[in-house]
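Residue-level structural notes
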Amino acid sequence: ISSLNTQKTEVITVDELKNNACCNLSESFESNATVDASFSDAVTGARQIQMLGLSGKYAQQLTDLLPTIRGLGIAYGLNFIPGPWIESINLNKGAGSVSNGYESITGQIDVELKKPETSEKLFINLYGNSEARLEANIHSAQKVNSKWANMFLLHGSMMQNELDHNHDHFMDMPLSKTVALMDRWKYESGKRVESMFGFKYLRDERTGGSLDFNPETDKLTTNAYGLGVTTHRAELFAKTSYGFTGKEYQSLGLQ
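Quick look at the structure, then. (Residues numbered from 1 in each chain as written. Predicted model: local features only at pLDDT ≥ 70, side-chain atom pairs only at ≥ 80, totals over all residues. Heavy atoms only, no water.)

1. Some remarks on the pairing of strand 7 (residues 86-93)
By the criterion of burial, strand 7 is predominantly enclosed, with 6 of the 8 residues buried. Both strand 1 (residues 9-13) and strand 7 contribute to a ladder of 5 bridges, which runs antiparallel. Residue pairing for strand 7: Ile 12 is matched across the bridge by Ile 89. The pairing of strand 7 with strand 8 (residues 107-113) spans 7 bridges and is classified as antiparallel. (Buried < 20%, exposed > 50% of the residue type's maximum accessible area, 1.4 Å probe, protein only. Helix = DSSP H or I, 4+ residues; strand = E, 2+ residues; numbered from the N terminus. Pairing = 2+ DSSP bridges.)

Shown next, in the form of structure tokens:
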């Protein structure tokens, strides 16, 4: 818990995330009482958070202080940030600053991703469980020179096992395939200018419903109940700051 901030700020570090064996952001709060992440739609596997008893759209969800999970992205946005990409999570309860957006009525969640200048040169993470869920993560970071650093992140996950533990002929979890990649660049002049920019692309496919549903033959028919969701998401981001000479505590930033 940060003692420097006027608001009560909880910081979830990598050490805490390791206890959860988490695979994405929605599963990173299993051992934290501040945030409750629950299924809002079991058919498609959508998860939303709750802070102070209100749903996720009333909490501001940021990535490196940039608003990313908002609008249409609230339904599945928590599933789209892989756990191994996360360096730490900052949690603020109660109404927060409007400098990064207007959503923080019940609180603010800022996810800090791994940084190009401090991450491992090569990181490989493989995951599999007894329900045939498979994931793979590969990160590569390098310092190009004294001013430039680059990091490339690649994530893939797959769940193709039809689970029906309660024998109601409906899948307990949707079948899914996800691929995500991110390329980040960091520039530090050593004097007054600092910048970070990059892009992220994600493709996610989900199929849920009854065990009899076959998307190839049953789509747009009444043969069996089923639901399919395909998401393509592309993001460009840039952050730049300029510090004034002789004014250590004054700077100009653009996000």
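2. What about the packing of aromatic side chains?
Under the criterion given, the structure shown has 6 aromatic pairs. Ring centres 6.1 Å apart and planes at 75° place the aromatic pair Trp 148 and Trp 185 in the edge-to-face group. Of this pair, Trp 148 sits in strand 11 (residues 148-159) while Trp 185 sits in strand 12 (residues 175-188), placing them 37 residues apart in sequence. Under the relative-accessibility criterion, Trp 148 is labelled partly exposed at 30%. (Phe/Tyr/Trp six-rings, centres within 6.5 Å; stacked < 30°, edge-to-face > 60°.)

3. Concerning the pattern of salt bridges
Summed over the entire model, instances satisfying the criterion amount to 10 salt bridges. One salt bridge in this structure joins Lys 115 and Glu 112, with 3.2 Å as the shortest N-O distance. By relative accessible area, which is 16% here, Lys 115 ends up buried. Since its relative accessible area comes to 23%, Glu 112 is described here as partly exposed. The salt bridge partner of Glu 235 is Arg 233, with a shortest N-O separation of 2.9 Å. Overlapping salt bridges bring together Asp 64, Glu 87, Glu 112, Lys 115 and Arg 184 as one network. (Salt bridge = Lys/Arg side-chain N within 4 Å of Asp/Glu carboxyl O.)

4. A closer look at a nonpolar patch on the surface
Together, Leu 122, Ile 124, Leu 126, Ile 138, Phe 152, Leu 154 and Val 179 line one region of the surface with nonpolar side chains, adding up to about 660 Å² of accessible area. Elements supplying a minimum of two residues to the nonpolar patch: strand 9 (122-128) and strand 11. With 3 residues, the single largest contributor to the nonpolar patch is strand 9. Tracing the sequence through the fold places Ile 124 in strand 9. With a relative accessible area of 54%, Ile 124 lands in the exposed category. (Patch = residues over 30% accessible without salt bridge, like charges linked within 9 Å, V, L, I, M, F, W, Y side chains within 5 Å. Areas by Shrake-Rupley, 256 points an atom, 1.4 Å probe, with all protein chains shown as cover.)

5. Considerations on the sheet that holds strand 11
Judged by pairing direction, the sheet is antiparallel, and its 7 strands sit side by side in the order 9-10-11-12-13-14-15 without closing on themselves. Edge positions in the sheet fall to strand 9 and strand 15 (251-254), since each has one partner strand and no second. If you compare each strand with its neighbour and ignore which way they point, the axes differ by 10° on average. Looking at chain direction, strand 12 and strand 13 (residues 193-209) are connected through 14 bridges and run antiparallel. Paired with Ser 176 across the two strands is Arg 206, which belongs to strand 13. (Axes fitted to C-alpha atoms, helices over the stretch in contact; angles between N-to-C directions.)

6. Description of the environment of Met 173
Mapping Met 173 onto the fold places it in the loop between strand 11 and strand 12. On the accessibility criterion, Met 173 (29% relative accessible area) is partly exposed. Separated by 132 residues in the primary sequence, Met 173 and Asp 41 place their C-alpha atoms 10 Å from one another.

7. Quick look at the side chain of Asn 150
Secondary-structure assignment places Asn 150 in strand 11. Side-chain polar atoms of Asn 150 contact the side chain of Gln 142, separated by 2.8 Å. Looking at Asn 150, its side chain comes within polar contact range of the side chain of Asp 183, at 2.9 Å. Beyond its immediate stretch of four places on either side in the chain, Asn 150 contacts Pro 116, Ser 140, Ala 141, Gln 142, Asp 183, Arg 184 and Trp 185. (Polar contact = N/O pair within 3.5 Å; in protein donor to acceptor, adjacent residues only side chain to side chain. Contact = heavy atoms within 4.5 Å.)

8. Some details on the nonpolar core
If you look at the biggest cluster of nonpolar residues, it comprises 32 residues, and the most contacted ones within it are Leu 25, Phe 29, Ile 49, Ile 89 and Ile 109. Looking at this core, the elements that each hand over two or more residues are strand 3 (46-51), strand 7, strand 8, strand 11, strand 12, strand 13 and strand 14 (226-243). Each residue touching Phe 29, except ones within four places of it in the same chain, is listed here: Ile 12, Val 35, Ala 37, Ile 49, Ile 89, Leu 91 and Ile 109. (Core = buried A, V, L, I, M, F, W, Y, C linked by side-chain atoms within 4.5 Å.)

Nothing here speaks to function; it is all geometry.
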